[in-house]
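Chain by chain, the residues run as shown.
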Amino acid sequence: MSTTTSTRAARLAAAALAGGLALAGCSFSSNNFSCSGSSCSVTLNGEGSEVEILGTSLAFGGVQDGRASLSVGGASISCAQGETVSAGSLTLECTTVEADSVELTASLG
């Protein structure tokens with residue numbers, strides 16, 4: 001293998017690894033989110049909205065009496081605006097709870 005070929009192979013491997021790590025953090029379907037390190041902020045709009053954050057599936061079930069209903073990795077939880085709850089490997093802070101949406105920050109641990 002020539003130096004040029006091995007350098008190119010190393011670059012391709014690094015790019016593939018970086019892409020895999022980025023996808024492992026957050027992936028989404030029609031939701032607004034941003035990630036930094038092991039923390040992601042996401043807004044789920046409309047009942048049934050789903051997102052995968054930090055390897056865990058999150059689904060929004062609606063709002064009742066000011067509490068957002070969420071399914072986190074198959075477990076059902078709820079949170080009010082400003083409340084922090086734990087579910088599985090995630091800690092969730094519900095920063096904004098509105099009639100048809102929830103904005104939250106998810107972090108590991």
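Residues numbered from 1 in each chain as written. Predicted model: local features only at pLDDT ≥ 70, side-chain atom pairs only at ≥ 80, totals over all residues. Heavy atoms only, no water.

A. Inspection of the overall build of the chain at higher detail. Secondary structure assignment for the chain yields one helix and ten strands. The secondary structure elements of the chain, listed N-terminal to C-terminal, are α-β-β-β-β-β-β-β-β-β-β. Out of the 109 residues in the chain, the part that is buried amounts to 29%. Within the chain, residue pairs in contact and separated by at least 24 positions form 32% of the contacts whose partners lie at least 6 positions apart. With the model as given, the accessible surface of the chain reaches about 6200 Å², and the carbon-plus-sulfur share is 51%. (Helix = DSSP H or I, 4+ residues; strand = E, 2+ residues; numbered from the N terminus. Buried < 20%, exposed > 50% of the residue type's maximum accessible area, 1.4 Å probe, protein only. Contact = heavy atoms within 4.5 Å. Areas by Shrake-Rupley, 256 points an atom, 1.4 Å probe, with all protein chains shown as cover.)

B. Structural detail: the state of the cysteines. Enumeration according to the criterion identifies two disulfides in this entry. There is a disulfide in this structure between Cys79 and Cys94, and the S-S distance comes to 1.6 Å. Judged by the torsion about the S-S bond (-55°), the Cys79/Cys94 disulfide is left-handed. Linking Cys79 in strand S7 (residues 75-80) with Cys94 in strand S9 (residues 90-98), this pair joins segments that are 15 residues apart in sequence. In this pair, the class of Cys79 matches that of Cys94, namely buried. (Disulfide = S-S within 2.5 Å.)

C. The arrangement of the environment of Ser39 in detail. Note on placement: Ser39 falls in strand S3 (residues 39-45). Owing to a relative accessible area of 25%, Ser39 belongs among the partly exposed residues under this scheme. In this structure, the C-alpha to C-alpha distance between Ser39 and Thr105, residues 66 residues apart in sequence, is 6.9 Å.

D. Layout of the environment of Ser34. Of note, Ser34 is situated in strand S2 (residues 32-36). As a C-alpha pair, Ser34 and Thr105 span 71 residues in sequence and 9.5 Å in three-dimensional space. With residues up to four places along the chain from it excluded, the contact list for Ser34 reads Ser39, Cys40 and Ser41.

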